[in-house]
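# Breakdown of the fold
Chain by chain, the residues run as shown.
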Amino acid sequence: MTSAQTSARTAWSLDAFTRSERFVMLGALLLTVLLGVLQGLGAGAVVRFAVAAVALALLAAVVGDAVEQLGARLTAGATGVLQSALGNLPELFFGYFALRQNLVDVVRATLIGSILANNLLVLGLAFTVGGLRHGTQRFQREAPRLAVTLMMLAVSALILPTLAVSLHTPASTHIDGLSIACALVLLGVFIATIPSSLRAGPVGTPVTRAESAGSTGGGAPAADQEAHRAWPLSHAVAVLLTASVAAALVSDWFVDVLTPATQTLHLSQTFTGLVIVAIAGNAVENVVGVQFAARNQADQAVSVILNSPLQIALALGPILVLASFLLGTAHLTLVLPPLLVVTVALATLLPTLIVFDGESTWLEGLALIGLYGVIAASFWWG
């Protein structure tokens with residue numbers, strides 16, 4: 001191959017992306033620019049809030065795609081570790097900027113809301129769609145069982161500090177230290193999974209899109225193969241860096257307009273973080289889980305969906321707790337309102353009961369969606 005041919009193959013080109021990828025990236029770019037213009041013009045808070053929410057959702061999808069493309073060049077385990085490290089960058093940026101403005105309740109609600117959105121809404125949609133199209137779906141039980149077991153550990157790290165304060169135990173006067181200790185334990189457990197993850201794939205690590213396309217067999221349509229083609233390395237790195245910078249800007253602007261917008265819309269900060277911000281940051285990137293279920297690839301669907309809240313519970317949440325003490329922002333502790341603690345416990349218990357037998361039906365999916373609706377309604381007033 002001549003140098004000219006090599007240069008042509010590696011040069012930046014939009015032809016490396018599929019039509020849907022170009023649509024998402026272009027939408028994210030345009031909305032980010034539009035939000036910057038609206039910010040400079042001092043446009044209405046509600047308009048900026050809506051644009052920022054959609055932009056954040058699209059940027060989360062772009063970051064997820066770029067991380068996935070980088071991971072496709074690594075082993076399955078290394079891919080999972082990379083996704084754990086970089087996949088939640090938009091949520092991390094949002095949490096940091098929110099803590100800088102003392103919106104601790106919003107950050108807590110957003111973290112819990114991200115777990116609820118994945119464990120209940122997205123998983124419920126996947127089971128419902130898959131069950132209606134294919135009947136009872138079956139999946140391997142080992143990885144989901146370990147994932148929900150670790151989720152129960154994370155929930156315990158929320159329940160115990162809250163109980164310590166509610167019951168006025170001696171630990172209640174040292175809640176900062178207790179929160180730091182719990183965060184370190186969770187991070188330690190997360191780090192302990194990395195060696196085995198590098199060897200055999202982490203708990204609940206989703207397969208890459210390229211792998212999923214290959215697993216459908218040689219008879220997969222050409223259009224489906226086209227949808228899963230790999231990007232050049234330079235494209236993946238450039239997209240990740242650009243989307244990360246844009247996500248940081250949008251997160252800052254989003255937090256800046258959050259309070260006036262919620263006051264205008266008469267929304268509580270808890271409901272905003274628990275439902276709106278959580279869905280904006282997570283739902284789009286997890287649509288792939290529902291798509292797997294629709295294709296009757298239940299193992300991949302459960303793996304994709306359960307991996308995201310596990311990363312939030314074992315890594316993102318503890319990192320934000322520790323960062324809040326190290327970076328001089330408002331302190332984020334693991335003490336939650338009692339109703340929020342019960343909510344996250346139920347949102348972990350019900351999926352645990354469903355995945356333990358390795359089977360799912362559309363009625364079980366509907367039950368998960370129903371619980372999410374009840375929880376959202378319960379926090380409508382704050």
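Within every chain, residues take consecutive numbers counted from 1 along the sequence as written. Local features are withheld for residues below a pLDDT of 70 in this predicted model, meaning they are given only at 70 or higher, and side-chain atom pairs are given and counted only at 80 or more; totals for whole chains, interfaces and linings count all residues. Remark: hydrogens and water are excluded; side-chain values derive from all non-hydrogen atoms of the structure.

### With respect to a nonpolar patch on the surface
Patches here: salt-bridge-free residues with over 30% relative accessible area, like charges joined within 9 Å, nonpolar side chains (Val, Leu, Ile, Met, Phe, Trp, Tyr) joined within 5 Å. Residue exposure ignores everything except the shown protein chains as possible cover, and the areas themselves are Shrake-Rupley values with a 1.4 Å probe. For this analysis, a salt bridge means a side-chain nitrogen from Lys or Arg found within 4 Å of a carboxyl oxygen belonging to Asp or Glu. A surface patch of nonpolar side chains, amounting to about 600 Å² of accessible area, comprises Leu-26, Leu-29, Leu-30, Val-33, Val-37 and Leu-41. The way it works is that DSSP assigns letters per residue, a run of H or I at least four long becomes a helix, a run of E at least two long becomes a strand, and they are numbered from the N terminus. Tracing the chain through its elements places Leu-26 in helix α2 (residues 19–41). Burial classification: accessible surface area is computed with a 1.4 Å probe over protein chains only, and a residue below 20% of its type maximum counts as buried, one above 50% as exposed, and the rest as partly exposed. Judged by its relative accessible area of 48%, Leu-26 falls in the partly exposed class.

### Some details on the pattern of salt bridges
Enumeration over the complete set of coordinates arrives at 2 salt bridges. A salt bridge links Arg-108 to Asp-105; the nearest nitrogen and oxygen atoms lie 3.3 Å apart. Taken as a pair, Arg-108 and Asp-105 lie in helix α6 (residues 104–134) at a separation of 3 residues, close to a single helical turn. Asp-105 gets classed as partly exposed once you look at its relative accessible area, which sits at 45%. Here Glu-359 makes a salt bridge to Arg-138, at a shortest N to O gap of 3.2 Å.

### Things to note about the confidence of the model for the protein chain
Scored between 0 and 100, pLDDT is the confidence that the predictor attaches to each residue. Across the protein chain, the average pLDDT comes to 81, with 82% of residues at 70 or higher. Within the protein chain, helix α9 (residues 209–214) has the poorest average pLDDT of any element, 43, and helix α16 (residues 362–378) the best, 93. It only takes one pair of heavy atoms within 4.5 Å for two residues to be counted as in contact. Note that pLDDT drops below 50 for residues 1–10; the model gives that stretch 4 contacts with residues more than four away or on any other chain. Counted against residues more than four places away or in other chains, residues 201–226, with its pLDDT under 50, gives 52 contacts.

### Looking at the nonpolar core
Throughout, nonpolar core names a set of buried Ala, Val, Leu, Ile, Met, Phe, Trp, Tyr and Cys residues whose side chains join them through atoms within 4.5 Å. Grouped together as the largest cluster of nonpolar side chains are 109 residues, with contacts concentrated most on Phe-254 and Leu-274. Residue contributions to this core peak at 16 residues, all from helix α14 (residues 298–326). Among all residues touching Leu-274, those that are not within four sequence positions of it are Ala-109, Thr-110, Ile-112, Gly-113, Leu-116, Leu-340, Tyr-372, Ile-375 and Phe-379.

### Brief notes about empty space enclosed by the protein
Here a cavity means grid points, on a 1 Å grid over the protein atoms only, where a 1.4 Å probe fits yet cannot get out; a pocket means an open set of points with protein on both sides within 12 Å along at least five of seven lines; lining residues are those with an atom within 4 Å of a point. Grid points are joined across faces, edges and corners, and a volume is the space filled by probe spheres set on the points. According to the stated counting rule, one finds 5 cavities of 30 Å³ or more in the structure shown. Estimated volume of the largest cavity: approximately 200 Å³. Taken together, 17 residues make up the lining of the largest cavity; nearest its centre are Leu-111, Ile-112, Leu-158, Gly-317 and Leu-334. Residue assignment for the lining of the largest cavity shows that the elements contributing at least two residues are α6, α7 (142–166), α8 (175–200) and α14. Residue contributions to the lining of the largest cavity peak at 5 residues, all from α14. Broken down by class, the residue content of the lining of the largest cavity amounts to 14 nonpolar, 2 polar and 1 charged. Three categories are distinguished: nonpolar for Ala, Val, Leu, Ile, Met, Phe, Trp, Tyr, Cys and Pro, charged for Asp, Glu, Lys and Arg, and polar for the others, with Gly belonging to the last.

### Side note on the packing of aromatic side chains
Ring pairs are drawn from Phe, Tyr and Trp, using the six-membered ring of Trp, whenever the two centres fall within 6.5 Å, and their geometry is named by plane angle: stacked under 30 degrees, edge-to-face over 60, tilted for the rest. Counting across every chain of the model gives 5 aromatic pairs. The rings of Phe-49, Phe-94 and Phe-254 are connected pair by pair, giving a single aromatic cluster.

### Regarding the side chain of Ser-251
Its place among the elements puts Ser-251 in helix α11 (residues 233–265). Take Ser-251: its relative accessible area is 0%, and that puts it in the buried class.

### Re unusual backbone geometry
Although it is not a glycine, Asn-102 sits at a positive phi angle of roughly 65°. Within the secondary structure, Asn-102 is located in the loop between α5 (89–100) and α6. For His-168, which is not glycine, the phi torsion reads 55° and is therefore positive. By secondary structure assignment, the location of His-168 is in the loop between α7 and α8.

### So, the packing of α6 against α16
Relative orientation of the contacting elements α6 and α16 amounts to 150°, with a least axis distance of 7 Å. On the basis of the axis angle, α6 is roughly antiparallel to α16. Judged by the sense of rotation from one axis to the other, the crossing of α6 with α16 is left-handed. For the pair formed by α6 and α16, the contact residues are Leu-116, Ala-117, Asn-119, Leu-120, Leu-121, Leu-123, Gly-124, Leu-125, Phe-127, Thr-128, Gly-131 and Leu-132 on the first element and Trp-362, Gly-365, Leu-366, Leu-368, Ile-369, Leu-371, Tyr-372 and Ile-375 on the second. A fitted line through C-alpha atoms serves as each axis, taken over the contacting stretch for helices, and the angle formed by two N-to-C directions is quoted from 0 to 180°. An angle below 35 degrees is treated as roughly parallel, one above 145 as roughly antiparallel, one from 65 to 115 as roughly perpendicular, and anything else as oblique. By definition, any crossing whose near helix is turned counterclockwise from its far helix by less than a right angle is left-handed, and any crossing with a clockwise turn is right-handed.

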